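# Inside the fold
One letter stands for each residue in the lines below.
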Amino acid sequence: RVGTYEFDLHVKSNAYIGLDEKQTVSLTTLDNSVLPEYKIHPDDAELDDEPTLFEEMLNANVEQDSDSDSDDDSDDEDDNPKTTSLADKKAEMLKARKAAAAAR
């Protein structure tokens, strides 16, 4: 909603008596037509291709679990092809996109 809104801002100290403050803050909102067009910076758009911290931790945990299960079969590990994690796949896709963009 367009308009002016007033809020009471309270800053309270948990360590000192009498240091508490109260300030009235006024904010004015504008109509969307008045605001400039929102544009995503190219560097921020590339971040969508990167794995999140959660994905990295999840993949690291899966890799650790898979290593600990095969302690008895250490000789067979060389025969199995290495699986690519989601983070590695995203990194490869990003490299391919950058190479394609550089080739243009």
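In the block above lies the structure referred to throughout.
## Observations concerning the overall build of the protein
The helix and strand tally for the protein stands at three helices and two strands. Going from N to C terminus, the protein has its helices and strands arranged as β-β-α-α-α. Each of the 104 residues in the protein was classed as buried or not, and the buried ones make up 8%. Look at the contacts in the protein between residues 6 or more apart in sequence, and 42% of them connect residues 24 or more apart. Entry remark: accessible area of the protein is about 9800 Å², with carbon and sulfur atoms responsible for 52%.

## Quick look at a nonpolar patch on the surface
A grouping of Tyr5, Phe7 and Leu27 is seen on the molecular surface, where their side chains present a nonpolar patch of about 280 Å² in accessible area. Its place among the elements puts Tyr5 in strand β1 (residues 3-11).

## Side note on the side chain of Asn59
Its place among the elements puts Asn59 in helix α2 (residues 53-69). Here Asn59 falls in the buried class, since its relative accessible area comes to 16%. When sequence neighbours within four positions are dropped, the list of residues in contact with Asn59 reads Ser85, Leu86 and Ala87.

## Looking at the pattern of salt bridges
Summed over all chains, the structure comprises two salt bridges. One salt bridge in this structure joins Arg97 and Asp49, with 2.8 Å as the shortest N-O distance. Within this pair, whereas Arg97 is found in helix α3 (residues 86-103), its partner Asp49 is found in the loop between α1 (42-46) and α2, the two being separated by 48 residues in sequence. Between Lys90 and Glu55 there is a salt bridge, and its shortest N-O distance comes to 3.1 Å.

Scoring rules and cut-offs
Residues numbered from 1 in each chain as written. Predicted model: local features only at pLDDT ≥ 70, side-chain atom pairs only at ≥ 80, totals over all residues. Heavy atoms only, no water. Helix = DSSP H or I, 4+ residues; strand = E, 2+ residues; numbered from the N terminus. Buried < 20%, exposed > 50% of the residue type's maximum accessible area, 1.4 Å probe, protein only. Contact = heavy atoms within 4.5 Å. Areas by Shrake-Rupley, 256 points an atom, 1.4 Å probe, with all protein chains shown as cover. Patch = residues over 30% accessible without salt bridge, like charges linked within 9 Å, V, L, I, M, F, W, Y side chains within 5 Å. Salt bridge = Lys/Arg side-chain N within 4 Å of Asp/Glu carboxyl O.

Remember, this is a structural readout, not a statement about activity or role.
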